Amino acid sequence: MTETDPSQHRVLVVGPSWIGDMVMAQSLFMLVRDRMPNAVIDVLAPSITASLLARMPEVDSAVRMEIGHREVALGKRRQTARALAERGYDQAIVLQRSIKAAVVPWLAGIPQRTGYLGEMRYGLINDVRSLDKNRYPRKVEHYALLGLAREGDALPELTHPKMRIDSARRAELVDTLGLETNRPAIGFAPGAAYGGAKQWPATHFARLAAELDRRGIACWIFGSAADRQLAADLAAAAPNHGVNLCERTSLVDIADIASLTDAFVGNDTGVMHLAAAAAPRVLAIYGSTHPDYAPPLSDAEARFWLGMACAPCRERQCPLGHNACMRDIPVADVLRACLDPSARDIASLHYASGSAPHTSSLEDEVLS
């Protein structure tokens, strides 16, 4: 699908504010780069996700705009638009569907503004694309469709996100954080900033850490300030080889360290998606969200989901109060997937509401 582009087409992508979404957007950047090898591709994003762009070779530069999710900040948007107007972009690709996201490229006078109509954005978006969710159910596809030359073009097979690893920085982290690289290691992303409905129980993570530790496998536990106590508890559950990395790593540090793991296990969070673009294998646990909408984009991945009648509810907290969609995913299944890279027969647990979890025989076999 490669085509020449001697005119140096200049593209501004209005990128996502969420970590996982920015990782998924890399497939779009790859598609645009493949379609227009000589294009200039810049991405407008807040600092938290803009930091990831330095590890995406397809992106020429990040343009930072510090505006909160719900902040209108029209003055800041006008100021950013004036700066962007001087760069002479030919096209803006707006990934978010809000009016606020479309205002800056419009104010900057970028002639082609590609996106979905979203919040009634007539005029702000003048290259309106449609979306057939039955044909393209995944979020990564929703982003990538905006990178096609025109409406109706077929979406090619997408390349999975792949973060560039800084080997020098990785070696420094291994030294300063005291990571053991002479034994297998499993990365942990046990937090869920969105809410408890997306979180495998802390007791399950602790039991998994304990079983891995007992087998001489290192547990590298990542998290933010909100996960401080959780990370401490998991490290305590793995007293021999558990390492609490909570609040000790940047996002790009997580990618560098994840590349050293044998597998990375986590909830449906930004850190899990980031790990999928760097770790050899990722094991993702789903409950209130559907694994087919935003799966881990990795060549080696396993998903755990019960497919209960009440899921996906997409709520922050379980509306029924039991969180069974996460609670009933057995530790034994996740442990087996950690230990055996070929254990994909148990990696997608689609059974109807009311079905019993796996029997104790599996627990006896694996947790022995």
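Residues numbered from 1 in each chain as written. Predicted model: local features only at pLDDT ≥ 70, side-chain atom pairs only at ≥ 80, totals over all residues. Heavy atoms only, no water.

Draft legend 1. Representation of the nonpolar core. Judged by nonpolar contacts, the single largest core of 67 residues is most densely connected at Val13, Phe29, Leu52, Trp220 and Phe264. Here the element with the most residues in this core is helix H1 (residues 19-35); it accounts for nine residues. Ignoring any residue separated from it by four or fewer positions in sequence, one finds tryptophan 220 in contact with Leu179, Glu180, Ala185, Ile186, Gly187, Phe188, Val243, Leu245, Ile257, Leu260 and Thr261. Among the nonpolar cores identified, the runner-up in size contains 34 residues, and Ile217, Leu234, Val265 and Cys338 belong to it. (Core = buried A, V, L, I, M, F, W, Y, C linked by side-chain atoms within 4.5 Å. Buried < 20%, exposed > 50% of the residue type's maximum accessible area, 1.4 Å probe, protein only. Helix = DSSP H or I, 4+ residues; strand = E, 2+ residues; numbered from the N terminus. Contact = heavy atoms within 4.5 Å.)

Draft legend 2. Region of the structure containing the sheet that holds strand S2 (residues 40-45). The strand order across the open sheet formed by six strands is S3-S2-S1-S4-S5-S6, and the pairing between neighbours is parallel. The sheet terminates laterally at strand S3 (61-64) and strand S6 (127-128), the two strands that pair on one side only. In this structure, S2 lies alongside S3, joined through four bridges in parallel fashion. From the neighbouring strand, aspartate 42 faces S3, where its bridge partner is serine 61. Along the sheet face, helix H4 (residues 99-107) touches strand S1 (10-14), S2, strand S4 (91-94) and strand S5 (112-115) and points at about 175° away from the line of S4. (Pairing = 2+ DSSP bridges. Axes fitted to C-alpha atoms, helices over the stretch in contact; angles between N-to-C directions.)

Draft legend 3. Seen up close, the side chain of serine 288. Its place among the elements puts serine 288 in the loop between strand S11 (282-285) and strand S12 (301-304). Looking at serine 288, its side chain comes within polar contact range of the main-chain oxygen of alanine 197, at 3.5 Å. Discounting chain neighbours no more than four positions away, the residues touching serine 288 are Ala197, Lys198, Pro312, Cys313, Arg314, Glu315 and Cys325. (Polar contact = N/O pair within 3.5 Å; in protein donor to acceptor, adjacent residues only side chain to side chain.)

Draft legend 4. Region of interest: the environment of methionine 163. Summarising the element assignment, methionine 163 is placed in the loop between helix H5 (139-145) and helix H6 (167-177). Among the residues examined, methionine 163 registers a relative accessible area of 3% and is labelled buried. Distance in space between the C-alpha atoms of methionine 163 and methionine 56 is 5.9 Å, their sequence separation being 107 residues. Those residues in contact with methionine 163 that lie beyond four places of it in its chain are Gln26, Leu52, Arg55, Met56, Ala255, Leu274 and Ala277.

Draft legend 5. Highlighting the pattern of salt bridges. For the coordinates displayed, the defined rule picks out 17 salt bridges. Note that arginine 55 is salt-bridged to aspartate 256, the shortest N-O span being 2.7 Å. One end of the pair, arginine 55, is in the loop between helix H2 (47-53) and S3; the other, aspartate 256, is in helix H9 (residues 251-258), with 201 residues separating them in the sequence. The buried category is assigned to aspartate 256, whose relative accessible area is 0%. A salt bridge links arginine 303 to glutamate 301; the shortest N-O distance between them is 3.0 Å. (Salt bridge = Lys/Arg side-chain N within 4 Å of Asp/Glu carboxyl O.)

Draft legend 6. How the structure looks around the pairing of S4. Across the two faces of S4 the burial is the same, with Gln91 and Ile93 and Ala92 and Val94 all buried. Examined bridge by bridge, S4 and S5 share three bridges and lie parallel to one another. Within the sheet, the bridge partner assigned to isoleucine 93 lies in S5 and is threonine 114. With H4 bridging S4 and the parallel S5, this β-α-β connection has right-handed handedness. (Right-handed = clockwise from strand over helix to strand, strands pointing away.)

Draft legend 7. Focus on a nonpolar patch on the surface. On the surface, Leu74, Trp106 and Leu107 cluster together into a nonpolar patch covering about 270 Å² of accessible area. Position of leucine 107 among the secondary structure elements: in helix H4. On the accessibility criterion, leucine 107 (34% relative accessible area) is partly exposed. (Patch = residues over 30% accessible without salt bridge, like charges linked within 9 Å, V, L, I, M, F, W, Y side chains within 5 Å. Areas by Shrake-Rupley, 256 points an atom, 1.4 Å probe, with all protein chains shown as cover.)

Draft legend 8. The arrangement of the confidence of the model for the protein chain in detail. Confidence in the prediction of the protein chain, expressed as mean pLDDT, is 90, and 89% of residues score 70 or more. This stretch, residues 1-6, has a pLDDT under 50; its non-local contacts, to residues over four places away or in other chains, come to 15 contacts. Every residue in residues 345-362 is under pLDDT 50, and counting partners more than four places away or in other chains gives 39 contacts. (pLDDT = per-residue confidence, 0-100.)

Draft legend 9. The arrangement of helix H8 (residues 228-237) in detail. Those residues of H8 lying buried are Leu230, Ala231, Leu234 and Ala235. Taken around the axis of H8, the buried residues stretch over an arc of 135°, which confines them to a single face. Along H8, exposed side chains directed more than 90 degrees from the buried face belong to Gln229 and Ala236. Where H8 is buried, its residues meet strand S7 (185-189), helix H7 (202-214), strand S8 (218-221) and strand S9 (242-244). (Arc of directions from axis to C-beta.)

Draft legend 10. Up close: the sheet that holds strand S10 (residues 263-267). Overall, parallel pairing links the six strands, which are arranged S9-S8-S7-S10-S11-S12 in an open sheet. At either margin of the open sheet sits one strand with a lone partner, and together these are S9 and S12. Going across the sheet, the axis of each strand differs from the next one's by a mean of 15°, ignoring polarity. Of the strand pairs in this sheet, S10 and S11 are connected by four bridges, and their pairing is parallel. Following the sheet pairing, phenylalanine 264 is matched in S11 by valine 282. Most of the contacts of H7 go to S7, to which it runs at about 170°, and overall it touches S7, S8, S9, S10 and S11.

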